Amino acid sequence: MGRGKLRIYLGAAPGVGKTYAMLSEAHRRVERGTDCVVAFVEHHGRARTEVLLHGLEQVPRRRLEHRGAHFTELDLDAVLARAPRVALVDELAHTNVPGTRNAKRWQDVEELLAAGIDVISTVNIQHLESLGDVVESITGVRQQETVPDEVVRRADQIELVDMSPQALRRRMAHGNIYQPDKVDAALSNYFRPGNLTALRELALLWVADRADEYLQKYRSEHRVSKIWGSRERIVVGLTGGPEGRTLIRRAARLAEKGAGGEVLAAYIARSDGLTSASPKELAVQRTLVEDLGGTFHHVLGDDIPAALLDFARGVNATQIVLGSSRRKAWQYVFGPGVGATVARESGPDLDVHIVTHEEAAKGRGLPVARGARLGRLRLVWGWLAGLGGPVALTLLLNTVHLGLANDVLLYLALTVAAALLGGLYPALASAAVGSLLLNWFFTPPVNRITIADPRNIFALAVFVGVAVSVASVVDVAARRTHQAARLRAESEILSFLAGDVLRGETSLETLLERVRETFAMESAVLLERESDVEPWICAGRAGLGPPVERPEDADVDMPVGDHMALALTGRVLPAEDRRVLAAFAAQAAVVLDRRRLREEADRARALAEGNRIRTALLAAVSHDLRTPLAGIKAAVTSLRSDDVAWSEEDRAALLEGIEDGADRLDHLVGNLLDMSRLQTGTVTPLIREIDVDEVVPMALGGVPEASVELDVPETLPMVAVDAGLLERAMANLVENAVKYSPAGRTVLVAGSALGDRVEVRVVDRGPGVPDEAKERIFEPFQRHGDAPRGAGVGLGLAVARGFAEAMGGTLTAEDTPGGGLTMVLTLRAAARHTDTPTTTTEESQAA
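For clarity, every value in this text was computed on a predicted model and none was experimentally measured.

Cut-off values and rules
- Residues numbered from 1 in each chain as written.
- Predicted model: local features only at pLDDT ≥ 70, side-chain atom pairs only at ≥ 80, totals over all residues.
- Heavy atoms only, no water.
- Pairing = 2+ DSSP bridges.
- Helix = DSSP H or I, 4+ residues; strand = E, 2+ residues; numbered from the N terminus.
- Axes fitted to C-alpha atoms, helices over the stretch in contact; angles between N-to-C directions.
- Contact = heavy atoms within 4.5 Å.
- Salt bridge = Lys/Arg side-chain N within 4 Å of Asp/Glu carboxyl O.
- Buried < 20%, exposed > 50% of the residue type's maximum accessible area, 1.4 Å probe, protein only.
- Parallel < 35°, antiparallel > 145°, perpendicular 65-115°, else oblique.
- Left-handed = near helix turned anticlockwise from the far one by under 90°.
- Nonpolar A, V, L, I, M, F, W, Y, C, P; charged D, E, K, R; others polar.
- Phe/Tyr/Trp six-rings, centres within 6.5 Å; stacked < 30°, edge-to-face > 60°.
- Lys NZ or Arg CZ within 6 Å of the ring centre and 35° of its normal.
- Patch = residues over 30% accessible without salt bridge, like charges linked within 9 Å, V, L, I, M, F, W, Y side chains within 5 Å.
- Areas by Shrake-Rupley, 256 points an atom, 1.4 Å probe, with all protein chains shown as cover.
- Lys, Arg positive; Asp, Glu negative; His and termini not counted.
- Charge placed at Lys NZ, Arg CZ, Asp CG, Glu CD.

A. Region of the structure containing the sheet that holds strand S16 (residues 556-559). An order of S15-S14-S17-S16 is seen for the four strands of this open sheet, with the pairing classed as antiparallel. Two strands lie at the open edges of the sheet, namely strand S15 (537-543) and S16, each paired on one side alone. On average, each strand axis in the sheet is tilted by 15° relative to the strand beside it, whichever way the strands run. Pairing of strand S14 (residues 523-528) with S15, which is carried by six bridges, proceeds in the antiparallel orientation. Note that in S15 the partner of Ser-523 across the bridge is Gly-543. Lying on the sheet, helix H18 (residues 508-518) is in contact with S14, S15 and strand S17 (564-569); it crosses S15 at an angle near 55°.

Here it is, written out as structure tokens:
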């Protein structure tokens, strides 16, 4: 059985109708006779959505118990055993209750797809992993539940469920999304018009990008070369001259006028007789186009207009922006120029803009040193001069008699002209035809292929020799010019490539995409294998060409060592291009090695950090834990001694010492275990809505009763946290504050609401911490100043910050006005009721 198909309903925010659309699609499929079941759908108390569940088969959910509470989750095994044709799985980014097979629901979906079951699911745009920072900057809320972008990208069908912000807010106000007591908080926080508009734009652009990928894939598979103006793509032709900045800004303004406009700056690396490109200027222009949101492309082409048009059609561009020619008027006798040629050959589907600039008509050098072999038009004129010129000259000399010496000079001049225009072969043809005509018409005896005077034989021999020599020199010069131009183009590309790689700016996929663009190929793949008998595996790929499993299956393959090869599909490259391709292949291997070295360095860094933690842990055990153990042992030994008659007061004091030592051990070991959990990433918070004033008092059990003053109003909004983690974090903060507070000064614990956040401030009047050490005190095994060895192993604040961040909060240190240190614990306010142990993907935005 093949892999199942995934269909995703994507929305900009909760309440736009994703689940409703999914259930409606399920009813349509059931009516067509499709075996469709509801694996997991959450209606969130919405009556209209709940009604759609009637008439659909529902697989019973799996009931789980976690920390004394009962939850329901998708029963993956039951769905696999039922084996329907289509399964409905709501909230793709949901985090499962601990104890289930997979940590995330999208992993459950992957198993269903692997079993051949089609899945229909839903997800909001804010839960895509790559958009986490963007969504947080817009809404101020960090999404804790995310799904990798690649999971959604691989979906066979993505359908956008859209709704205007005004309509969505009306639905909210009418009570169609959240319960009435949650509506005001939602409308004034997450569901503000600006937030919804920005999220809607994110969703529309993301779906548009996916549609563009599908379009490019379709065009590649069906060999569509005609431009489809589905989206404004503007290609800027750069020459490396100073006018490039003007062209880029002009193109950016054109792109802003169209929805989703895109700017692609292309520099064709080839000399065509124009002034050499300045690498510094190109670097500046590249930075400019990237700052404006566009992309820079370095393309190798033998013919600039053709290469530019091929690139534009390859990216499905709709417009080309070029600058007015910098050539002077008299230089147009050597050709129409790039702009005129591109405009003439662009066709009806590609608009060409010629932009004026300050450098126009200021000259760009003589066009005699052309950076290619002799052009087609020049060859035509060369052959006309070589074949037709001697005939015309013969007709002229038959009417005007100048003498044999002058006739030979005129034919020689004509042969030199043919050599200068067309190179070797037109010159040889001119010499052959001219010598025959000279012999027949002007060398005695005339009208015969014989020569009576030996001096005339010498003159004809000199004539042919000079003609051949001049033609050879012209041909060699043309070849050398072509080679120099190509080498310069190659050096420009390689210098850009080396610069990017050395700066670490190029990933393997980006480098392969540059290879594909440079050589105008369909795809570029880097293959490798462990040994000669092992199969090839793909280390990186760019483009949408046919899959390549072996280098020999590609149109071009470039080996890199014994077990790596760069494979290209699209066309066969000429031999002269393989030198540059070899450099690209070597750089690809370097980038791949660097990526692996970076991964190994990250692993080594993690191991080093683990070793540092273990070393510090051993130091802590050997020093800080020894003191309470020694005190406990001494007290127990004293109590068991028969040599001393202890009074009741002495026995009570010894027992109190044992109890204090045990408490210290319990606290130290607890922090060590918590830090170990944080280091290994095994802390899974059980997010619930709770009141801060219920948790904070429970955290004061380890400090003297009169040492803390509470100011936590009961009117504070509820917070979405793990009660156990919050209690441990607060206990560590309070104990640290009490430890450093002077005698007789109480620690203040105050709570306040700030927008969609709740702040708990722990204020002490101790010595304080300088600004440069405020972050360092949160590192494991750090104690500031001259804290005594018995003050702990330095884990309390590290554990507190780790727990705060695990719950989606923050912990920072500030100076207390008047002296001291204030710890600020910021938590997410919650304005909803949860059924699941983690923030529900559909309703987590109400706060």
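Now that the structure has been shown, the text picks up again.
B. Main features of the pattern of salt bridges. Within the structure shown, the criterion is met by 27 salt bridges. Ionic pairing is found between Arg-82 and Asp-35, a salt bridge with its closest N-O pair at 2.7 Å. Of the two residues, Arg-82 sits in helix H3 (residues 76-82) while Asp-35 sits in the loop between helix H1 (18-31) and strand S2 (36-40), which places them 47 residues apart along the sequence. You can call Arg-82 partly exposed: its relative accessible area is 28%. Two residues, Glu-528 and Arg-596, come together in a salt bridge whose shortest N-O distance is 2.0 Å. Of this pair, Glu-528 sits in strand S14 while Arg-596 sits in helix H19 (residues 578-623), and the two are 68 residues apart along the sequence. Residue Glu-528 is classed as buried on the basis of its relative accessible area of 11%. Sharing partners across several salt bridges, the network here consists of Arg-7, Glu-25, Arg-28, Arg-29, Arg-32 and Glu-159.

C. Quick look at the environment of Arg-253. Note that Arg-253 resides in helix H10 (residues 244-257). Each C-alpha atom, one on Arg-253 and one on Val-263, is 9.8 Å from the other, the two residues being ten residues apart in sequence.

D. Representation of helix H24 (residues 796-806) within the structure. The buried fraction of H24 is high, at nine of eleven residues. Those residues of H24 that sit buried are Gly-796, Leu-797, Ala-798, Val-799, Ala-800, Arg-801, Gly-802, Phe-803 and Ala-804. Of the residues one or two after H24, Gly-808 is the one with positive phi, at around 85°.

E. Structural detail: the pairing of strand S12 (residues 319-323). Counting buried residues in S12 gives four out of five residues, a clear majority hidden from the surface. Examined bridge by bridge, S12 and strand S13 (residues 351-355) share five bridges and lie parallel to one another. Bridging from a neighbouring strand, Gln-319 pairs with Asp-351 of S13.

F. Geometry of the packing of helix H15 (residues 404-422) against helix H16 (residues 424-442). Packing of H15 against H16 brings their axes to within 7 Å, and their N-to-C directions diverge by 165°. Considering the angle they form, H15 stands roughly antiparallel to H16. Our pair here, H15 against H16, has a crossing hand that is right-handed. Here Leu-404, Asp-407, Val-408, Tyr-411, Leu-414, Thr-415, Ala-418, Ala-419 and Gly-422 of H15 lie close against H16, whose contacting residues are Leu-424, Pro-426, Ala-427, Ser-430, Ala-431, Gly-434, Leu-437, Leu-438 and Phe-442. A breakdown of the residues in the contact of H15 with H16 according to their chemical character gives 13 nonpolar, four polar and one charged.

G. View of the packing of aromatic side chains. One pass over the full model with this rule turns up zero aromatic pairs. When the ring centre of Phe-40 is taken as reference, the NZ or CZ atom of Arg-105 above it lies at 3.9 Å.

H. Seen up close, the side chain of Glu-42. Structurally, Glu-42 is set in the loop between S2 and helix H2 (47-53). Given a relative accessible area of 16%, Glu-42 falls into the buried group. When sequence neighbours within four positions are dropped, the list of residues in contact with Glu-42 reads Thr-19, Arg-61, Asp-90 and Glu-91.

I. The side chain of Ser-430, seen in detail. Here Ser-430 lies in helix H16. For Ser-430, a relative accessible area of 1% translates into the label buried. Excluding residues that lie within four positions of it along the chain, Ser-430 makes contacts with Ala-385, Gly-386, Pro-390, Leu-414, Thr-415 and Ala-418.

J. Local environment of the environment of Ala-750. Along the polypeptide, Ala-750 turns up in strand S21 (residues 747-754). Put simply, Ala-750 and Val-763 are 13 residues apart on the chain and 8.1 Å apart in space, counted from C-alpha to C-alpha. The contact partners of Ala-750, leaving out residues within four places of it in the chain, are Asp-711, Glu-759, Val-760 and Arg-761.

K. Up close: a positive patch on the surface. A cluster of like positive charges, contributed by Arg-249, Arg-250, Arg-253 and Lys-257, occupies part of the molecular surface. Checked against the element boundaries, Arg-249 lands in helix H10.

L. Expanded view of a negative patch on the surface. Residues Glu-656, Glu-659, Asp-660, Asp-663 and Asp-666 make up a contiguous surface patch of negative charge. Within the element layout of this structure, Asp-660 appears in helix H21 (residues 648-680). Given a relative accessible area of 40%, Asp-660 falls into the partly exposed group.

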